[in-house]
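Structural description and commentary
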Amino acid sequence: MGGEKKNILLTGGAGYIGSHCVIECVLAGYNPVIVDNMANAWPESIKRVEEIVGQKISFHSIDLLDKPALEDLFKKYTFHAVIHLAGLKAVGESCELPLLYYRTNVGGTINLLEVMKANNVTQIVFSSSATVYGSPQYLPLDEKHPVGQCTNAYGKTKFFIENIIEDLCSANKEWDAIILRYFNPVGSHKSGKIGEDPQGAPHNLMPFVAQVAVGRRKQLKVFGTDYDTPDGTGVRDYIHVVDLAQGHVAALKKLDSKPRCKVYNLGTGKGYSVLDMVNSFEKASDKKVPYELADRRPGDVASCYADPSLAEKELGWKATQSLDKMCEDLWRWQSLNPNGFQSNGENHGT
């Protein structure tokens, strides 16, 4: 990439997915700028990213609900594009605190889009979720599958934001957006320096499995053993977080071709059951993961996996990392950092 490096704003860039996206942006020749309110991230993660890439990363502690702070930021930098990852993401919590989720996720996005518009920054990559599909009507899920029948407030915020971005692109021909619907990111950077470090009990399967293996939790609960799946447990599409991050860089490059508004699934196209994941992790870690079988949770579906062929065709992107690699990298992160970023004795960012 000749000339001056293009500034890319990453909202939520200190979080699990965001920190991996920052690394891939640097490797692709961009200059990433992180904005994060540190509600679900650690300052240590930014230091570790700087160690990995060998350079300082610009970071600003800003909440997207603080519009004046965002406006000041856009006066400091000329941004080529925005990767918008920031948002609350716990499905269960979203059902208990829907107003918080709507204000934070939808309200924060509207602030961001308004400030972008005022500063003539008209390219955005939005991290959406496969939750917008609701209960699958058919599998694998392609981008034409109906959306909006979400089973929780978190999924609805993603669906509403997709609509807002689509309407913005329709009304303003200079805008271009790529909406990425993630499936289930797992694993970590091969260095083991950064990874998923959830606050409190993990909401996702694999961080929980890793914490059991490292001795932080007693056992795993497997919810639902009578699904219509090969072993009776729920089947999901797990994608290595580095593959996912590389998908964001592919999306950034696609924006330069003025695609208007496009939607892509980021997944592997393969479904793995809960017990597949446990077995693979036991192999990678050489640890037993004790588990107990429990009843299904309301709202959970039997199977959910992607058809990622459109991203391969139009973005030139394809997930390449295997299930074993996901588990090996997750175990490296967890075993080197048994208490996550707190292993350094660091206090949580505020």
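If you're wondering where the values come from, they're calculated on a predicted model, not measured in any experiment. (Residues numbered from 1 in each chain as written. Predicted model: local features only at pLDDT ≥ 70, side-chain atom pairs only at ≥ 80, totals over all residues. Heavy atoms only, no water.)

Right, let's get into the sheet that holds strand β6 (residues 176–182). Read across the sheet, seven strands follow the order β3-β2-β1-β4-β5-β6-β11 without closing on themselves; strand pairing throughout is parallel. Each of the sheet's edge strands pairs with one partner strand only, and the pair in question is β3 (58–60) and β11 (261–266). Within the sheet, the average angular offset between the axes of one strand and its neighbour, ignoring direction, is 20°. Helix α3 (residues 67–76) rests against β1 (7–11), β2 (31–35), β3 and β4 (79–84) of the sheet, and its axis sits at about 140° to β4. Running over the sheet, helix α6 (residues 153–171) touches β5 (123–129), β6 and β11 and is turned about 155° from β5. (Pairing = 2+ DSSP bridges. Helix = DSSP H or I, 4+ residues; strand = E, 2+ residues; numbered from the N terminus. Axes fitted to C-alpha atoms, helices over the stretch in contact; angles between N-to-C directions. Contact = heavy atoms within 4.5 Å.)

One can describe the packing of helix α1 (residues 16–27) onto helix α8 (residues 241–255) by two numbers: an axis separation of 8 Å at closest approach and a directional angle of 55°. Considered as vectors, α1 and α8 are oriented oblique to each other. Our pair here, α1 against α8, has a crossing hand that is right-handed. For the pair α1 and α8, the contacting residues are Y16, I17, H20, C21, E24 and C25 in the first and V241, V242, L244, A245, Q246, H248, V249 and L252 in the second. When grouped by side-chain class, the residues that make up the contact of α1 with α8 number ten nonpolar, three polar and one charged. (Parallel < 35°, antiparallel > 145°, perpendicular 65-115°, else oblique. Left-handed = near helix turned anticlockwise from the far one by under 90°. Nonpolar A, V, L, I, M, F, W, Y, C, P; charged D, E, K, R; others polar.)

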